Structure formats: structure tokens, C-alpha cells
Amino acid sequence: KNNRIYLFLSRGNVAGLVNAAHRNGLQVELRSSYKAGSEATNLEEFRTSAKEYVAELAKFAEKYNVYRIVPFGEIDNHLFNFPNQITEVSQELLLEARKHYNGRVGIGIAAPWRDSGYKFTGYDYMTVSVYTQKQTSVDAYFTSAPEINAKNVISGARKVADRSGIASLHIGETGVYNAGESHPGFETAIVSKEEEVEYY
């Protein structure tokens, strides 16, 4: 019944999946996390690498008639060490994408509570990741006080989108999971399948 499908893809036969989607009357979004989990430590090296990456993704998207792309699903995480450079770098990446791709280009953020005043002017839409802190019930993910919960994350992202002149804000990633020891300050609830369905 839905005429669009949004795929989170990192490796594999991406072209085949895109073509299969199109044969079935679906539109495709390519959304990337670009070296997920890594943070830039050298800004100039990151700029060079990121521009090359965006150019490659944009050319692929143009060739296969992809509906829209999000080259950086969590740009604030990638530039965690350079928060004051997020606006400048994001604009450079947008220009690179526009050189090679005529579709819609989005930008994603992970942590609007770390907002350093960046703007994403010129992007067609924005996405936000919503992975919430451990709570006592699924309902609490939307109503509880801590800053990392769905309601506050979306509200914070809306402020960034408004400042950037972006009307469309989407949830790019969401989930109920246990981050474990790799993120000791960001432990989320382990829930049953039924509770996970309720969350979504």
C-alpha cells in the first residue's frame, strides 16, 4: 500500500536492491552513517575523506535514480570533536552532493541536546536518531524527564530544523536496545518483543 521504502544500507548489492525496489513501484532513500562509531580527530583529513565519500554516494544515487539521500545520518557524532565546524563542513558536503545528484539531500543528527548552534541551510530535510535512556516502562520513553528521551530529542531536533529553515524533520533511526558496556552512560532498556512493538 505504501509507495515508498527507505532502506538503511551499508554494504552488499545496493544497486540490485534499488533496482528491485523500482521494479516494485517503490522509491528509495539511501541513508548512510559513514564510518559509524568513529569521530573525526583531524578536521582536514575528515573534510577530504568526507567530500570523496559524498561525491561517490551522490554519483551512485544519480545513476540509479534514487529518490533521496542522507550522506551523513549523524553528522554531529562524526564531528563531536569539532562542534563549531559542523555548519561549515555540512555546507561543503551539501555543495559536493549537489554537483553530482539532482534529487533531495538530507542531513542527520544524533544528539540535539549537544547543539552548538549549527545550521543546515539548503538541505531539503533533516533526520534525527532516537535511542532513549533506560526507563521503567515503554510509556516513559515519551513522557519522562531525562533529556535523552523521544519527546525531548524530537523537540530539540525541531529547533535545529527551524533554525536551518528546514520544514521536514524525520526520525532517521530509532530503537529500544541495550548499548552495553561500550556506552556506559547510555544504557537503554532490554525489553520484550511485545514492549518493542508498543514502543514503535
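Refer to the structure above for everything that follows.
The paragraphs below set out a description of the structure included in this document. Every chain's residues receive numbers from 1 upward, in the order its sequence appears when written. The predicted origin of the model limits local features to residues at a pLDDT of at least 70 and limits the giving and counting of side-chain atom pairs to 80 or more, whereas totals for whole chains, interfaces and linings rest on all residues. Only hydrogens and water are removed before side-chain values are computed, so all heavy atoms of the structure are retained for them.

Structural notes on the overall build of the chain
So, point 1. Under the scheme used here, helices are H or I runs from DSSP no shorter than 4 residues and strands are E runs no shorter than 2 residues, and both carry numbers assigned from the N terminus. Along its length, the chain carries seven helices and six strands.
So, point 2. Seen in sequence order, the chain has helices and strands lined up from the N terminus as β-α-β-α-β-α-α-β-β-α-α-β-α.
So, point 3. For every residue, the accessible area obtained with a 1.4 Å probe (protein chains only) is divided by the maximum for its type, and the residue is called buried under 20%, exposed over 50%, and partly exposed between those limits. Buried residues in the chain amount to 44% of all 200 residues.
So, point 4. Taking the contacts inside the chain whose residues are at least 6 apart along the sequence as the reference set, 68% of them involve residues at least 24 apart.
So, point 5. Carbon and sulfur atoms make up 49% of the accessible area of the chain, which amounts to about 10700 Å² in all. Any two residues whose heavy atoms approach within 4.5 Å are treated as being in contact. Surface accessibility follows the Shrake-Rupley procedure with a 1.4 Å probe radius. Residue values consider only the protein chains on display as shielding.

Focus on the nonpolar core
So, point 1. Counting 43 residues, the largest nonpolar core has Ile75, Ile109, Phe120 and Met126 as the members making the most contacts within it.
So, point 2. Broken down by secondary-structure element, the contributors of at least two residues to this core are helix 1 (14-23), strand 2 (27-31), helix 2 (43-63), helix 4 (86-100), strand 4 (104-109), strand 5 (125-131) and helix 6 (150-163).
So, point 3. Looking at this core, the element that brings in the most residues is helix 2, giving seven residues.
So, point 4. Beyond its immediate chain neighbours, meaning those up to four positions away, isoleucine 75 contacts Ile86, Ser90, Leu93, Ile107, Gly108, Ile109 and Phe120. By convention a nonpolar core is built from buried Ala, Val, Leu, Ile, Met, Phe, Trp, Tyr and Cys residues, the set being connected through side-chain atoms within 4.5 Å.

Description of unusual backbone geometry
So, point 1. Despite not being glycine, asparagine 65 shows a phi value in the positive range, around 55 degrees.
So, point 2. Within the fold, asparagine 65 resides in the loop between helix 2 and strand 3 (68-70).

Section: the packing of aromatic side chains
So, point 1. Two aromatic rings from Phe, Tyr or Trp, using only the six-membered ring of Trp, form a pair when their centres are within 6.5 Å; if the ring planes differ by under 30 degrees the pair is stacked, by over 60 it is edge-to-face, and anything between is tilted. By the definition in use, this model includes five aromatic pairs.
So, point 2. Ring centres 5.3 Å apart and planes at 35 degrees place the aromatic pair tyrosine 118 and phenylalanine 120 in the tilted group.
So, point 3. With a relative accessible area of 2%, tyrosine 118 lands in the buried category.
So, point 4. Here the aromatic rings of phenylalanine 120 and tyrosine 123 are separated by 6.2 Å at their centres, their planes lie at 85 degrees, and the arrangement is edge-to-face. One exposure class covers both phenylalanine 120 and tyrosine 123, and it is buried.
So, point 5. Through a chain of ring-to-ring contacts, three or more aromatic side chains come together here, namely Phe46, Tyr53 and Phe72.

Observations concerning the pairing of strand 2
So, point 1. Of all five residues in strand 2, four are buried; the element is thus mostly enclosed.
So, point 2. Relative to strand 3, strand 2 runs parallel, the two being bridged by three bridges. Bridge pairing in strand 3 places glutamate 29 opposite arginine 68. Strand pairing is assigned whenever DSSP identifies at least 2 bridges connecting the two strands.

A word on the side chain of glutamate 96
So, point 1. Mapping glutamate 96 onto the fold places it in helix 4.
So, point 2. Among the residues examined, glutamate 96 registers a relative accessible area of 13% and is labelled buried.
So, point 3. When near neighbours in sequence (up to four residues on either side) are disregarded, glutamate 96 contacts Lys51, Val54 and Ala55.

A word on the side chain of glutamate 173
So, point 1. Relative to the assigned elements, glutamate 173 resides in strand 6 (residues 169-175).
So, point 2. By the criterion applied in these results, polar contacts are pairs of N or O atoms within 3.5 Å in which, for protein atoms, one can donate a hydrogen and the other can accept it, and in which residues neighboring in sequence qualify only through two side-chain atoms. Among the polar contacts made by the side chain of glutamate 173, one reaches the side chain of arginine 31 at a distance of 3.0 Å.

Structural notes on the packing of helix 2 against helix 4
So, point 1. Lines fitted to the C-alpha atoms define the axes, with helices restricted to the stretch that makes contact. Angles between their N-to-C directions range from 0 to 180 degrees. Packing of helix 2 against helix 4 leaves a shortest axis separation of 8 Å and a crossing angle of 30 degrees. Relative to helix 4, the element helix 2 is oriented roughly parallel. Seen along the crossing, helix 2 lies across helix 4 with a hand that is right-handed. Note on element contacts: helix 4 touches helix 2 through Glu88, Val89, Glu92, Leu93, Glu96, Ala97 and His100, opposite Leu43, Phe46, Arg47, Ala50, Lys51, Val54, Ala55, Ala58, Lys59 and Glu62.
So, point 2. Basically, the charged four are Asp, Glu, Lys and Arg, the nonpolar ten are Ala, Val, Leu, Ile, Met, Phe, Trp, Tyr, Cys and Pro, and anything else, Gly included, counts as polar. Split by residue class, the contact of helix 2 with helix 4 holds nine nonpolar, one polar and seven charged. In what follows, roughly perpendicular refers to angles from 65 to 115 degrees, roughly parallel to angles under 35, roughly antiparallel to angles over 145, and oblique to any angle outside these ranges. Here a crossing is called left-handed whenever its near helix is offset anticlockwise from the far helix by less than a right angle, and right-handed whenever the offset is clockwise.

A word on helix 6
Helical periodicity: at 3.6 residues per turn, an α-helix aligns residues three or four positions apart in one direction.
So, point 1. The end-to-end C-alpha distance of helix 6 is 20 Å, a good match for the 20 Å that 14 residues give at a rise of 1.5 Å each.
So, point 2. Directly beyond the C-terminal end of helix 6, a positive phi value near 75 degrees is found at glycine 165. To estimate how far a helix should reach, multiply one less than its number of residues by 1.5 Å.

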